[in-house]
Amino acid sequence: MFIKQSLKSIVTTWLTGLLALLPLVLTLALLAWIVSLLNRLVGPSTLIGQLFGALGQPFSSNTYLAYTLGSLVLLLSLYPLGLAVQLGLRRPLSRLLDVTLRRTPLIGNLYALADRFVGLLDKTKNPDIAAMKPVWCFFGGDGVAVLALQPSSQAVLLEGREHYAVLVPTAPIPIGGGLLYVPVEWVKPANMGVDALTGIYVSMGLTPPPPQAQAIAPAVVAGTPSGATGQH
């Protein structure tokens, strides 16, 4: 009996240590998977990696050092590109991509999907989405809460009842979803911006929403005015 209890205590302590270390292990495993994926996609042995290496060849003959220098050259080149886009290159670049990538079968669909996702994050590229207001939809008035986007504060009259149009995104890609018309009294403002809403959906709920401010109504006892103590 004593040996059994001791063994159980040892196993329990070991499991406690495992659970304490597990988040760190999972985090490191996730980072290792991301690094491995990036290495397979843009590593030195890939076609893109060889392009990076070619950019760094004038500075070093070492393969890995040339790859690193080439990656830095590419990253630094993004600044003048961004400056050119700000100075008016956006429209010609968009027209060029529309003529080439968007009209290519399959690739055009993938590019359109990626462009819509970037547009959700880029307020200057898609100000209409940035102007949408994140809201909570409480179905049934006090039932399931759904985080959505409200494109307009103008209500629509349906069968004698006012409704708001809301867009309910899908996770983990918040550029799709459903358009719902929800009764006005079911819609409450959310204490966040579009960026925070996007982060919540991309993380599939792992990122919690910010705490919501709740208006606490004063307690009113039937037949007793607010603030009265009921004492004589």
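Within each chain, residues carry numbers counting from 1 in the order of the written sequence. Totals for whole chains, interfaces and linings use every residue, but because this is a predicted model, local features are given only for residues with pLDDT of at least 70 and side-chain atom pairs only at 80 or more, for both listing and counting. Hydrogens are left out, water is left out, and the side-chain values use all remaining heavy atoms of the structure.

Tallying secondary structure elements over the protein gives six helices and six strands in all. In the protein, the succession of helices and strands from N to C terminus is α-α-α-α-α-β-β-β-β-β-β-α. Between buried and exposed lies partly exposed: a residue is buried under 20% and exposed over 50% of the maximum accessible area for its type, with that area taken using a 1.4 Å probe on protein chains only. In the protein, buried positions account for 20% of the 232 residues. Considering only intrachain contacts with a sequence separation of at least 6, the fraction spanning at least 24 residues in the protein is 37%. Of the roughly 17,000 Å² that the protein leaves accessible, carbon and sulfur atoms contribute 68%. We count a stretch as a helix when DSSP gives it H or I for four or more residues in a row; a strand needs E for two or more, and each element gets its number in order from the N terminus. Note on contacts: a residue pair is in contact if any heavy atoms of the two residues lie within 4.5 Å. Computed by Shrake-Rupley with a 1.4 Å probe, the accessible areas treat only the displayed protein chains as cover when residues are assessed.

Per-residue confidence from the predictor is reported as pLDDT, which spans 0 to 100. Looking at the protein, the pLDDT average stands at 74 and 75% of residues meet or exceed 70. Between residues 215-232, whose pLDDT stays under 50, and residues either more than four places distant or in other chains, the model counts two contacts.

Before going further, it helps to spend a moment on unusual backbone geometry. A positive phi angle, near 55°, is found at Glu 159, a position not held by glycine. One can find Glu 159 in the loop between strand S3 (156-158) and strand S4 (161-169).

Take the UniProt feature "transmembrane region" (unreviewed entry) in the protein next. UniProt positions are given in the numbering used here, feature names are shortened, and annotations may be inferred rather than shown by experiment. UniProt's entry tags residues 12-35 and 64-85 with the feature "transmembrane region" (unreviewed entry), counted in the numbering of this structure. With 100% helix and 0% strand, residues 12-35 has end C-alpha atoms that lie 34 Å from one another.

Generally speaking, a soluble globular protein has its nonpolar side chains buried in company with each other. Nonpolar core, defined: a set of buried Ala, Val, Leu, Ile, Met, Phe, Trp, Tyr and Cys residues in which side-chain atoms within 4.5 Å join the residues together. With 20 residues, the main nonpolar core has Cys 137, Leu 147, Val 166 and Met 192 as its most contacted residues. Looking at this core, the elements with two or more residues in it are strand S1 (133-138), strand S2 (145-150), S4 and helix H6 (194-202). Among all residues touching Cys 137, those that are not within four sequence positions of it are Val 144, Ala 145, Val 146, Ala 148, Val 166, Val 182, Trp 186 and Val 187.

Below, the discussion takes up the side chain of His 163. Mapped onto the elements of the fold, His 163 is located in strand S4. Residue His 163 is classed as buried on the basis of its relative accessible area of 11%. The term polar contact refers here to a pair of N or O atoms within 3.5 Å; inside protein, the definition further demands a hydrogen-donor-capable atom paired with an acceptor-capable atom, and it admits residues adjacent in sequence only when both atoms are side-chain atoms. At a separation of 2.8 Å, a polar atom in the side chain of His 163 contacts the main-chain carbonyl oxygen of Arg 161. Sequence-distant contacts of His 163, that is, excluding residues within four places in its chain, are made with Gln 154, Ala 155, Val 156, Leu 158, Tyr 181, Val 182, Pro 183 and Val 184.

Glancing now at the packing of aromatic side chains. Aromatic rings from Phe, Tyr and Trp, with only the six-membered ring used for Trp, were paired whenever their centres fell within 6.5 Å, and each pair was classed as stacked if the ring planes differed by under 30 degrees, edge-to-face if by over 60, and tilted otherwise. One pass over the structure, following the stated rule, counts one aromatic pair. With a centroid separation of 6.2 Å and an interplanar angle of 75°, the aromatic rings of Phe 139 and Trp 186 are classed as edge-to-face. Taken together, the positions of Phe 139 in the loop between S1 and S2 and Trp 186 in the loop between strand S5 (177-183) and strand S6 (187-189) put the pair 47 residues apart, joining distant regions of the chain.

A word on the side chain of Gln 150. One can find Gln 150 in strand S2. Here Gln 150 is in contact with Met 132, Lys 133, Val 135, Tyr 164, Ala 165 and Val 187, once residues within four sequence places are set aside.

Here we come to the pairing of S1. Sheet topology places S1 next to S2; six bridges connect them, and they run antiparallel. When the bridges of S2 are listed, Phe 138 appears paired with Ala 145. Remark: six residues form the turn of the hairpin made by S1 and S2, two consecutive strands paired antiparallel; Gly 140 in that turn has positive phi of roughly 85°. As judged from the three bridges shared by S1 and S6, these two strands associate in the antiparallel manner. Paired with Trp 136 across the bridge in S6 is Lys 188. Strands are treated as partners if at least two bridges between them are detected by DSSP.

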